[in-house]
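Coordinates in review
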Amino acid sequence: MIDIIFYIFMSIGLCFVFLGCLGLLRMPDVYCRLQASTKCVTLGTGSVLLATLIKTGFSAIGMKALVCLVFLFLNSPTAAHALAKAADISGIKVWEKPGDEKIYPAKPRPTVDIDKE
Amino acid sequence: MNHLIVFILLFGIWKIITWSNDPGNYITGILVSLFIIIVYGREFPYHPEHTLQPRRYLAFIKFLFVFLYQMIKANFVMAYRILSPGPPIKPGVVKIPLYLKSPLGRIILANSITLAPGTFTMDITEDSLYVHWIYVVTTDPVKAEEMICGKVQKILKEVFE
């Protein structure tokens, strides 16, 4: 029984990690790619870690997987945010779909001069 | 008080990571935690008295459920966007108001927006968040806040303020 649950979670995790990688290839610009990779890879890796926890039970390995899970949820968005902000500061524009250029609302924040900060 | 909270947190994490009942393990954990709180103890919890109020924990559990639901939904929405031909996206940056003041609360809000369906935090200023939205529905800050955050900001206000 535990084995079946383990395989289910593992397969879900691997599927989502694969989707995250596919998203990296399919999305048009850096921000959308970050969206795809952050979301899918978070649930994918989380699911793999959860599978490890189920398989090994509450042992030293299982508890480490649990701690990794918590840190993953804290770290992965922070890393994405750092990458996005760096891309923004270095002047990468948000991709616009050809045809509807008018949707672009909020001007991105004023560009920061890196040398000054 | 501050030191005690940080000590309990550090020692708890140590015990969970090592997960053994060896007496040497306890001693090492206590010594290392003591060393860390001597150096960094004053920097952590901004309002130590808040940790004794149970309603904050209840609100936090509520937040966890909302967050988990949003995260799982986000993944399926993202999977749909990735797999459909000619990705159905209309990306843009919107500005939404931020009325949460506590720094920890702001971090958690920004992180939960990043894991919510179709949005992620690009930048944060004193009173607003710049959010990259993969399918822009509205550019009005208040409506966008309602659609992106939902109840999350209110719940976090209960937890941290």
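Computed from a predicted structure; not experimentally measured. (Residues numbered from 1 in each chain as written. Chains lettered and ligands numbered in written order. Predicted model: local features only at pLDDT ≥ 70, side-chain atom pairs only at ≥ 80, totals over all residues. Heavy atoms only, no water.)

1. Some thoughts on the confidence of the model for chain B
Defined as follows: Confidence of the predictor at the level of single residues is captured by pLDDT, which takes values from 0 to 100. Numbering of helices and strands starts at the N terminus; helices are DSSP runs of H or I of at least 4 residues and strands are runs of E of at least 2.
This prediction gives chain B a mean pLDDT of 83; 97% of its residues lie at or above 70. Helix α3 (residues 54-83) of chain B holds the highest mean pLDDT among the elements of chain B, 88, whereas helix α5 (residues 141-149) of chain B holds the lowest, 79.

2. A word on the nonpolar core
This is how the line gets drawn: Grouping buried Ala, Val, Leu, Ile, Met, Phe, Trp, Tyr and Cys residues that are joined through side-chain atoms within 4.5 Å yields what is termed a nonpolar core. Exposed residues in this analysis have more than 50% of their type's maximum accessible area, buried residues have under 20%, and partly exposed residues fall in between, with area computed by a 1.4 Å probe over protein chains only. Two residues form a contact once any of their heavy atoms are found within 4.5 Å.
Ranked by size, the top nonpolar core spans 40 residues in total, and within it Ile96(B), Leu109(B), Ile113(B) and Leu156(B) carry the most contacts. Ranked by the residues each element gives to this core, the list is headed by α3(B), at seven residues. If near-sequence neighbours (up to four positions away) are discounted, Leu109(B) is found in contact with Leu98(B), Leu100(B), Leu129(B), Cys149(B), Val152(B), Gln153(B) and Leu156(B). Among the nonpolar cores identified, the runner-up in size contains 10 residues, and Ala80(A), Ala84(A), Val93(B) and Phe120(B) belong to it.

3. Digging into the sheet that holds strand β3 (residues 128-133) of chain B
Residue and element names in this part refer to chain B. Operational definition: Strand pairing requires that DSSP identify at least two bridges connecting the strands. All axes here are fitted lines through C-alpha atoms, helices being fitted over the stretch that makes contact, and every angle between N-to-C directions spans 0 to 180 degrees.
The three strands lie next to each other as β1-β3-β2, forming an open sheet whose pairing is antiparallel. Where the open sheet ends on each side, the last strands, each with one partner, are β1 (92-97) and β2 (119-124). Between one strand axis and the next, the sheet turns through 35 degrees on average, direction left out of account. Note: β1 against β3, six bridges, orientation antiparallel. Across the sheet, Gly92 pairs through a bridge with Trp133, a residue of β3.

4. Side note on the packing of aromatic side chains
Just so we agree on the cut-off: Two aromatic rings from Phe, Tyr or Trp, using only the six-membered ring of Trp, form a pair when their centres are within 6.5 Å; if the ring planes differ by under 30 degrees the pair is stacked, by over 60 it is edge-to-face, and anything between is tilted.
A complete count under the given rule lists seven aromatic pairs over all chains for this structure. Ring geometry for Phe11(B) and Tyr26(B): centres 6.3 Å apart, planes at 40 degrees, overall tilted. Residue Phe11(B) is found in helix α1 (residues 2-18), and its partner Tyr26(B) is found in helix α2 (residues 23-40); the two are separated by 15 residues along the sequence. Residue classification places Tyr26(B) among the partly exposed positions, given a relative accessible area of 33%. Look at Phe60(B) and Phe63(B): their rings are 5.8 Å apart centre to centre, the planes differ by 35 degrees, and that puts the pair in the tilted class. Linking Phe60(B) with Phe63(B), this pair stays in helix α3, spanning three residues, or about one helical turn. Here a set of aromatic residues connected by ring pairs shows up, and it is made of Phe73(A), Phe60(B), Phe63(B) and Phe67(B).

5. Quick notes on the interface of chain A and chain B
Let me state the cut-off plainly: Buried area is a sum: the accessible area each of two parts loses on coming together, probed at 1.4 Å, counted once for each and added. Any Lys or Arg side-chain nitrogen located within 4 Å of an Asp or Glu carboxyl oxygen qualifies as a salt bridge. In protein, a polar contact means a hydrogen-donor-capable atom and an acceptor-capable atom, both N or O and within 3.5 Å, with residues adjacent in sequence counting only if both atoms are side-chain atoms; elsewhere, any N or O pair within 3.5 Å suffices.
In this complex, chain A contributes 42 residues to the contact, which on the side of chain B involves 42 residues. Here chain A meets chain B over a buried area of about 3,700 Å², counting both sides, of which 73% is carbon and sulfur. Looking only at chain A, the three residues that lose the most surface to chain B are Arg26(A), Gln35(A) and Lys39(A), adding up to 18% of its buried area. Seen at the junction of chain A and chain B, the total is one salt bridge. Salt-bridge contacts for Asp123(B) lead to Lys85(A); the nearest nitrogen and oxygen are separated by 3.6 Å. Where chain A packs against chain B, one counts 11 residue pairs in polar contact (both at pLDDT 80 or more). Elements with a minimum of two residues in the side of chain A that touches chain B: α1 (2-26), α2 (30-56) and α3 (60-89) of chain A. Examining the composition of the side of chain A that touches chain B, we find that 13 residues originate from one element, α3(A), more than from any other.

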